[in-house]
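Chain and residue survey
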Amino acid sequence: MFVHKAAVVGGGTMGGQIAQAIASSDTPVVIKDVDQKFVDHAIEEVRNVTTGQLGGLVKKEKISQEQADARLTEVMDLVTGTVTYEEFGDVDFVIEAVPEKMAIKQAVFAELDAVTPGHAILSSNTSSLSISEMAEATIRPDKVVGFHFFYPASVMPLVEVIIGDETTSETVQIASNFAQSIGKQPITCGEVPGFVVNRILNSAVGEIWRAQEEQGLSIAKIDEGVAAANVAPMGPFILVDMLGLDTVYHVAEHLQDSYGDSFYVHQGMKDLVAQGKLGAKSGGDGLYKDGQPQIAGDGEPDAQELADLFTAKALIEACLLLEEGVASVRDIDVGMMAGAGLDPRRGLFPPFWKADIDGLDVSLERIERLHEKHGERFAPPVTLKRLVAQGRHGFKTGQGFYPYPQADEGDQPEKVKLETRGDVAIAWLANPPMNAISPQVIEDLGTVWEKVKANEEVGAMVIASTMPIVYSAGADIKAFTKMDAEGGAKLIQEGHELLKDFGNGRVVTIAAVNSLAFGGGCELAMACDFRIAAESAVFGQPEIKLGIIPGFGGTQRLPRLVGWNKALEMNLVGDPISSLEALDFGLVTRVVPDQELFDTAVNWGRKLAGQAPLAVEQVKKVSFTGGDTDDGIDAEKQGFATVFFSEDGKEGISAFLGKRSAKWQGR
């Protein structure tokens, strides 16, 4: 199912921001509320946010004022406001954004169930309430899902896709794809109070709140010290003023009710909320007013101690989410990156990644000290203790929550690192931030491959990612656009020869796909003999959205793996599929928990490397004799060149790089 028209129920600022994100992706959206003034406010929010975004592009001289004015008209024409459900008969996806009261939400879901077509997905922007309870008000609980934006929705990239008791995997995938289509980063998680980001963030920040009140510390000095310690993008009290004291207080209270005293509610914040002092939303009167604190306390904080409290509690809560099966390692870290601003590009790392960098042994020692000092809320998590006991201390040992290369000594290519472990070689993709398949990656991978083939002791090669949150997001489009036709043809030829060679000879190739494998990344994985996927892995061939076609075997290897019908769907629709769907269709060999991926891939490598080399070579050679891909690859190369250098191809790539929708001309 695809989303051609969406709806937002609940106007105001948040509803307007959500609608703006949808309309900016060129999807028509209806905003509905019970009162026209709330609808009007939401529409005005769409206009204001869009005007601001376009104004920024004009200021940077990326577009002209005339283009900005025309684009504003286009976006606003996609937005409809209403106080009835008359416009809901053909919507495909609804986002409920009404007040956080279950009775109100259930009433809205019952109404939506009656006025929307049977295929429509009904979602809630709730930050804490049960998706399953909302679904009970409908006769389509399988199509009810959480769809939690973070404020401001026009800026924050994260959407938490929350799975209810009866939500199907198809619904989850459609919701995730829709989130991506409107420029958001989705993660999936189970239905627990606080979901992922609010639960971790409130647990960690709560320790700073607790220390402030118990020790009478200055909130201004806390904000300054925490920001300087580089564990969060800004001070915790400044952040609360931005988000709104009432919103933060109610979430904190809900989490304390749900999880107990491990979560702290700041009493000074509670008093300010009672006085109507809500921060930015009340004219800047909140924890601060005119830059001056309105919370008692002038004590000097120990910034490192507060940073340790925050870091330790965030890791503990992340481990608990993992152990409870709420979310995967990757989704938890991506959620904290996109929803809490822990951006590695700024030196801020999410819980698991940071623990790996600090050292899991160091992280455990820190937690044990805090446990001794503060009691059970700092009880060391089982997962962390097990990893340390196994000698998996993170980056410095090559394995923690994520695997890391321990490259062989001597000269190494720049973008692909070679590590040899007995009879298994690991080719580590190392082209941050997204492991794009660039000309240099292809050249370096070829260099590593030749070394592997020359080593008679090696019988298997695993292709893994050095980036914890991505396998390979596809071709380096900018690099490709800088090449002339002759250079492009040479690159395509060399790339195809390399990928074809993976399927030949005595060395078995295994792709250890940890996360996104799109376009060229998916084609690289398909060229391997086996694909082991993490639960978080996602596969896709999105070239069609750029007006081009797969260029590294996607039209040939994909149908041999998943069948012609599914391959045609993936290549013509361009939407990604989950690891479980990939397993169902035969695209991957096994799906394993994120933290077990690398071990599993190497384990397979050791098994296959121990097989008779000549027999391996012949099995690989004769298995596909009846379906040789050479003729198909030749046709694909010709087709790729035709569309890549066409007007539509240039427009699609230009639109992708410019983050806008393409306008096809058919030439």
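Please read all numbers here as calculations on a predicted model, not as lab measurements. (Residues numbered from 1 in each chain as written. Predicted model: local features only at pLDDT ≥ 70, side-chain atom pairs only at ≥ 80, totals over all residues. Heavy atoms only, no water.)

1. Looking at the overall build of the protein
Helix and strand content of the protein: 27 helices and 20 strands. Each of the three principal axes of the protein carries a C-alpha extent, and together these read 80 × 60 × 50 Å. Looking at the protein residue by residue over its 667 residues, the buried ones come to 55%. In the protein, the proportion of contacts linking residues at least 24 apart, taken out of those at least 6 apart, comes to 71%. Counting only carbon and sulfur atoms, one obtains 52% of the accessible surface of the protein, whose full area is about 28000 Å². Here the protein contributes 59 positive and 95 negative side-chain charges, whose respective centroids are spaced 3 Å apart. (Helix = DSSP H or I, 4+ residues; strand = E, 2+ residues; numbered from the N terminus. Buried < 20%, exposed > 50% of the residue type's maximum accessible area, 1.4 Å probe, protein only. Contact = heavy atoms within 4.5 Å. Areas by Shrake-Rupley, 256 points an atom, 1.4 Å probe, with all protein chains shown as cover. Lys, Arg positive; Asp, Glu negative; His and termini not counted. Charge placed at Lys NZ, Arg CZ, Asp CG, Glu CD.)

2. Brief notes about the packing of aromatic side chains
Under the criterion given, the structure shown has twelve aromatic pairs. Relative to Phe-149, the ring of Phe-147 has its centre 5.4 Å away and its plane inclined at 75°; by these criteria the two rings are edge-to-face. Taken as a pair, Phe-147 and Phe-149 share a single burial class, namely buried. One aromatic cluster is present, built from ring pairs that chain together Phe-93, Phe-147, Phe-149 and Phe-178. In this structure, Lys-32 packs its charged tip against the face of Tyr-85, placed 4.4 Å from the ring centre. The cationic tip of Lys-313 hangs over the ring face of Phe-263; the distance from NZ or CZ to the ring centre is 5.9 Å. (Phe/Tyr/Trp six-rings, centres within 6.5 Å; stacked < 30°, edge-to-face > 60°. Lys NZ or Arg CZ within 6 Å of the ring centre and 35° of its normal.)

3. Quick look at the sheet that holds strand E20 (residues 590-592)
Strands sit in the order E11-E12-E13-E15-E17-E20 across an open sheet of six strands; the sheet is mixed. Two strands in the sheet have a free side with no partner beyond their single neighbour: strand E11 (416-421) and E20. Taken over all neighbouring pairs, the strand axes of this sheet differ in orientation by 20° on average, direction set aside. Taken together, the six bridges between E11 and strand E12 (residues 424-429) define a ladder with antiparallel strand orientation. (Pairing = 2+ DSSP bridges. Axes fitted to C-alpha atoms, helices over the stretch in contact; angles between N-to-C directions.)

4. Section: helix H22 (residues 564-573)
Listing the buried residues of H22 in full gives Lys-566, Ala-567, Met-570 and Asn-571. Angularly, the buried residues of H22 cover 125° about the axis, an arc narrow enough to put them on a single face. Away from its buried face, by an angle of more than 90 degrees, H22 presents the exposed residues Trp-564, Asn-565, Leu-568 and Leu-572. Elements in contact with the buried residues of H22: strand E18 (538-540), helix H21 (557-562), strand E19 (577-578) and helix H23 (579-585). (Arc of directions from axis to C-beta.)

5. Describing a negative patch on the surface
A contiguous patch of negative charge on the surface is contributed by Glu-133, Glu-136, Asp-165 and Glu-166. Accessibility expressed as a relative area gives 38% for Glu-133, which makes it partly exposed. (Patch = residues over 30% accessible without salt bridge, like charges linked within 9 Å, V, L, I, M, F, W, Y side chains within 5 Å. Salt bridge = Lys/Arg side-chain N within 4 Å of Asp/Glu carboxyl O.)

6. Regarding the pairing of E12
In terms of burial, E12 is largely enclosed, as six of its six residues are buried. Side-chain alternation along E12 places Val-424, Ile-426 and Trp-428 on one buried face and Ala-425, Ala-427 and Leu-429 on a second face that is also buried. Here E11 folds back onto E12 in antiparallel fashion, the turn holding two residues, of which Gly-422 has a positive phi close to 65°. One ladder, built from six bridges, connects E12 with strand E13 (residues 460-465); its direction is parallel. Bridging from a neighbouring strand, Ala-425 pairs with Met-461 of E13.

7. A word on unusual backbone geometry
With the exception of glycine, most residues fall at negative phi, and the peptide bonds are largely trans. Between Tyr-151 and Pro-152 the backbone carries a cis peptide bond, its omega angle lying at -5°. Cis geometry marks the peptide bond from Pro-432 to Pro-433, where omega comes out at 5°. Mapped onto the elements, Pro-433 comes out in the loop between E12 and helix H17 (439-454). Even without being a glycine, Asn-230 presents a positive backbone phi close to 60°. With respect to the element layout, Asn-230 can be found in the loop between helix H8 (219-229) and helix H9 (236-243).

8. Quick look at the sheet that holds strand E3 (residues 79-82)
In spatial order, the strands read E3-E2-E1-E4-E5-E6-E7-E8; together these eight strands make up an open sheet with mixed pairing. The open sheet has two free edges, formed respectively by E3 and strand E8 (185-190), since each of these has just one partner strand. Taken over all neighbouring pairs, the strand axes of this sheet differ in orientation by 25° on average, direction set aside. Sheet topology note: the strand E7 (residues 158-163)/E8 ladder contains six bridges and is parallel.

9. Focus on the nonpolar core
Most often, soluble globular proteins keep nonpolar side chains buried together rather than apart. Membership of the largest hydrophobic core comes to 99 residues, with the highest contact counts inside it found for Phe-88, Val-196, Trp-209, Leu-287, Ile-332, Phe-352 and Phe-401. Tallying contributions element by element places helix H12 (residues 303-323) first for this core, with twelve residues. The residues touching Phe-88, leaving out its near neighbours within four places in the chain, are Ala-7, Val-9, Val-30, Lys-32, Thr-82, Val-94, Leu-112, Val-115, Thr-116 and Pro-117. Judged by nonpolar contacts, the second largest core, of 50 residues, contains Ala-427, Ala-525, Leu-558 and Ala-567. (Core = buried A, V, L, I, M, F, W, Y, C linked by side-chain atoms within 4.5 Å.)

10. Some words on the pairing of E7
Taken residue by residue, a regular strand's side chains alternate between the two faces of the sheet. Of all six residues making up E7, five are buried, and the element is well covered by its neighbours. The pairing of strand E6 (residues 144-149) with E7 spans five bridges and is classified as antiparallel. Directly across from Val-145, in E7, lies its bridge partner Ile-163. Handedness of the crossover joining E7 and E8 through helix H6 (residues 169-181): right-handed. (Right-handed = clockwise from strand over helix to strand, strands pointing away.)

11. As for a nonpolar patch on the surface
A cluster of nonpolar side chains, Tyr-151, Ile-238, Met-242 and Leu-243, forms an exposed patch at the surface whose accessible area comes to about 340 Å². Within the fold, Ile-238 resides in helix H9. Relative accessible area serves as the criterion here: at 38%, Ile-238 is assigned to the partly exposed category.

12. Regarding the packing of helix H7 (residues 197-215) against helix H13 (residues 329-340)
Two elements in contact, H7 and H13, have axes whose closest approach is 9 Å; the angle formed by their N-to-C orientations is 75°. Between H7 and H13, the interaxial angle falls into the category roughly perpendicular. Packed against H7, whose contacting residues are Val-197, Ile-200 and Leu-201, the element H13 presents Ile-332, Gly-335, Met-336, Gly-339 and Ala-340 at the interface. Residue classes in the contact of H7 with H13 are distributed as six nonpolar, two polar and no charged. (Parallel < 35°, antiparallel > 145°, perpendicular 65-115°, else oblique. Nonpolar A, V, L, I, M, F, W, Y, C, P; charged D, E, K, R; others polar.)

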